[in-house]
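Okay, here's what each chain looks like letter by letter:
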Amino acid sequence: MKKLYVCLSLTITLSLLQTACIKKNKAPVSQKKVLNHALESEIKGFDPLFCDDKYTHEVQSQIFEKLFEYHYLKRPYQLQPMLAKKMPEISDDGLTYTIKLRKDVYFQKDPAFGQGEAQSQRKFNAHDVVYTYTRFADPHLKHTSWWILQDQIEGLDEAHEKMKTMTPPIDYKKIKVAGLTALDDRTVQIKLKRKNKQFLYLLAMPNTGIVAHEVVNQYKEDFINHPVGTGPFVLKNWVRNQKFEFVKNPTYRNVFYPKYGEPTDEAQGLLKTANQKLPLVDELVFWVYTERQPMWLNFRKGKLDFSVISKDAYQSVVNKDGSLKQEYVDKNMVLKTGDNLDIVMKVFNMADPVIGKNKPLRKAISASMNREEKIDLFYNGRAYVSHGPIPNGLEGYDPDLKDPNGYNVENAKKWFKEAQALHKKNHGTENIPPLLQDITARSFSRQMAEAMDYELKEIGYSSTTRVGTWPQFSERMKKSQGQFYPYAWNADYPDPENFLQLLYGGNKAPGPNSANFENAEYDKLYLEMKNMPDGQERNAIIGKMVKIIHEECPWVFFIHRKRGMLAQGWLKNYKAHAMNTAPMKYLDIDLEAKNKTLSTL
């Protein structure tokens with residue numbers, strides 16, 4: 001690893017020099033509350049059906065709303081109504097959900113709704129819910145969200161099959177789905193095919209954001225660039241690969257900051273804006289930074305309200321005991337830390353004719369990877385080694401679990417010899433082609449791939465890389481065009497099923513099972529576990545499923561990350577949230593403190 005250390009040392013030195021050269025900020029005094037946030041990638045567009053990554057979610061969720069959302073402050077995480085008026089009435093058999101809707105919700109102003117005042121008087125209603133969920137079933141849209149409602153609602157899968165025979169564009173209002181009914185303008189009823197413990201969680205996912213048929217019909221293919229929802233902000237301007245500018249939605253209904261949270265929230269100042277109407281800021285800007293170093297430098301200049309700390313700057317910001325260095329304390333900056341509900345893994349494409357047919361090769365690659373070293377080098381210690389799919393904080397997490405394919409060079413060498421013998425048997429030669437690593441065009445990704453290539457060479461193997469943008473990388477995964485993908489999954493909802501479904505055979509690509517893993521016993525256990533209540537019996541089944549994953553090795557278990565965010569002292573109400581990673585409507589800015597601090601940076 002000597003070369004790698006030298007490379008990283010140079011990067012750190014250059015970083016410190018850059019930091020030392022920062023000039024005093026000359027930002028003008030502002031009288032508007034403008035929230036500036038960094039986005040680490042361009043997004044896939046604004047259609048909720050294409051919202052399958054963190055970055056797209058963060059931007060879209062400012063505009064589109066779902067029937068339910070998570071309470072911002074309470075822990076454990078708790079669902080609450082969003083566009084729904086109250087939590088649903090559920091029939092005794094658990095199959096019928098009757099949901100009353102709010103009557104004070106309007107779509108954002110748009111010409112698609114008519115001329116003059118009609119543009120801002122389109123009310124949200126139950127027919128919009130039916131339309132939105134029916135649209136999920138359209139195969140011609142080639143979206144990536146079908147797995148969420150597939151095999152859930154009575155008649156929706158039949159509608160999916162029927163639409164395959166139809167010529168687009170399809171008028172979804174003419175498609176009848178037995179399990180989706182608008183009982184009246186304010187009541188929607190959903191009938192499930194079978195009981196589903198996670199169903200309400202699905203209705204809180206960003207993919208289920210409610211859309212209006214007039215807007216979809218008006219803009220057609222360009223709807224993905226022309227968002228009109230019911231949310232707290234309206235898109236004002238979008239400069240691709242640079243920024244998204246939003247303004248407060250003037251027709252947003254009365255929604256107020258929560259009055260209650262965790263016992264410690266009041267002492268942390270998180271209840272000072274209780275009962276104030278949301279959103280609390282006037283404007284919102286997402287700045288696109290594909291590299292963390294310029295993001296960090298702009299945060300130091302006060303041009304961002306909060307930021308992750310780049311790995312190269314971390315030691316100059318945080319003391320060894322985890323506290324913030326005095327320089328940043330003096331600037332009233334605040335360090336926000338905590339565990340994420342996530343996993344970072346390396347995904348093998350099991351449909352690949354080489355890697356998918358050679359289990360010893362997958363195990364050799366897994367055992368060659370030194371996780372602890374990478375946690376220090378790439379994450380500044382802000383992570384812990386993953387031994388299974390479920391992160392700490394969720395039911396089913398086992399702190400004593402050990403990954404049998406974890407870092408062990410001797411095991412890696414032994415398995416690689418077995419892999420060569422198997423490859424010779426199947427392909428007539430023991431020379432296995434280099435592993436193809438698909439990565440994104442970030443220096444972090446390149447350095448990680450280089451480190452991994454170095455480790456593979458230590459066991460006699462090697463790799464090549466294919467670089468793309470985040471949307472290109474994601475597209476290759478969905479189309480199973482790669483061999484090996486570094487990937488991360490953040491919890492959609494607080495249930496271990498959300499992580500275990502990533503390897504369920506029914507969810508293969510373009511669904512979330514990007515490994516294309518299929519194992520009959522695993523699938524049987526998954527369906528058995530899915531609706532069980534938490535407890536020992538469910539955890540025992542989860543243990544059997546994890547054992548199968550260890551044996552078949554469709555992933556390299558890598559790490560679970562810890563959150564490390566630095567916020568400006570003027571930013572108010574920020575509280576880390578595992579599912580809602582961009583809770584912009586709750587955030588506030590102390591303008592007096594901001595203008596005073598900016599003059600000193």
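A quick note: this is a predicted structure, and the numbers were derived from the prediction, not measured. (Residues numbered from 1 in each chain as written. Predicted model: local features only at pLDDT ≥ 70, side-chain atom pairs only at ≥ 80, totals over all residues. Heavy atoms only, no water.)

Draft legend 1. Summary view of the environment of R538. Relative to the helices and strands, R538 resides in helix α18 (residues 536–552). The exposure class of R538 is buried, given its relative accessible area of 0%. Considered as a pair, R538 and E528 are 10 residues apart in the sequence and their alpha carbons are 8.7 Å apart. At 2.8 Å, the side chain of R538 forms a polar contact with the side chain of D534. (Helix = DSSP H or I, 4+ residues; strand = E, 2+ residues; numbered from the N terminus. Buried < 20%, exposed > 50% of the residue type's maximum accessible area, 1.4 Å probe, protein only. Polar contact = N/O pair within 3.5 Å; in protein donor to acceptor, adjacent residues only side chain to side chain.)

Draft legend 2. Just the pairing of strand β5 (residues 96–100), in detail. Across the five residues of β5, four count as buried, placing the element largely inside the fold. Pairing of strand β4 (residues 89–90) with β5, which is carried by two bridges, proceeds in the antiparallel orientation. Directly across from E89, in β5, lies its bridge partner T98. In textbook terms, the turn of a hairpin is the stretch between consecutive antiparallel strands, and for β4 and β5 this stretch comprises five residues, one of which, G94, has a positive phi near 75 degrees. (Pairing = 2+ DSSP bridges.)

Draft legend 3. Expanded view of the pairing of strand β6 (residues 180–184). Pairing analysis gives four bridges linking β6 to strand β7 (residues 187–191), with the strands arranged antiparallel. Of the residues in β7, the one forming a bridge with L180 is I190. Two successive antiparallel strands, β6 and β7, enclose a turn made up of two residues.

Draft legend 4. A positive patch on the surface, seen in detail. On the surface, a cluster of positive charge is contributed by K85, K86, K100, K103 and K123. Tracing the chain through its elements places K86 in the loop between β3 (79–81) and β4. (Patch = residues over 30% accessible without salt bridge, like charges linked within 9 Å, V, L, I, M, F, W, Y side chains within 5 Å. Areas by Shrake-Rupley, 256 points an atom, 1.4 Å probe, with all protein chains shown as cover. Salt bridge = Lys/Arg side-chain N within 4 Å of Asp/Glu carboxyl O. Lys, Arg positive; Asp, Glu negative; His and termini not counted. Charge placed at Lys NZ, Arg CZ, Asp CG, Glu CD.)

Draft legend 5. Structural view of the packing of aromatic side chains. One pass over the structure, following the stated rule, counts 27 aromatic pairs. Both rings, one in Y55 and one in W470, keep their centres 5.8 Å apart while their planes meet at 85 degrees; by these two values the pair is edge-to-face. In this pair, Y55 is assigned in helix α2 (residues 54–60) and W470 in helix α15 (residues 470–478), connecting sequence segments 415 residues apart. Looking at Y55, the relative accessible area reads 16%, which means it is buried. For W470, a relative accessible area of 15% translates into the label buried. With a centroid separation of 5.9 Å and 75 degrees between ring planes, the pair formed by F517 and Y522 is classed as edge-to-face. Residue classification places F517 among the buried residues on the basis of a relative accessible area of 2%. (Phe/Tyr/Trp six-rings, centres within 6.5 Å; stacked < 30°, edge-to-face > 60°.)

Draft legend 6. Summary view of the environment of Y252. With respect to the helices, strands and loops of the structure, Y252 is situated in the loop between β9 (243–248) and β10 (283–288). Between the C-alpha atom of Y252 and that of L278, which follows or precedes it by 26 residues, the distance is 8.5 Å. Those residues within four positions of Y252 in sequence are excluded, and the remaining contacts are E65, T230, G231, P232, K277, L278, P279 and K585. Side chain to side chain, Y252 and E65 meet in a polar contact 2.9 Å long. (Contact = heavy atoms within 4.5 Å.)

Draft legend 7. Inspection of unusual backbone geometry at higher detail. Looking along the chain, the bond that leaves P168 and enters P169 is cis, with omega of 0 degrees. In this structure, P169 sits in the loop between α5 (156–164) and β6. P510 follows A509 through a cis peptide bond whose omega is 15 degrees. The residue N332 is not glycine, and still its phi comes out positive at about 65 degrees. Among the secondary structure elements, N332 is positioned in the loop between α10 (326–329) and β12 (334–339).

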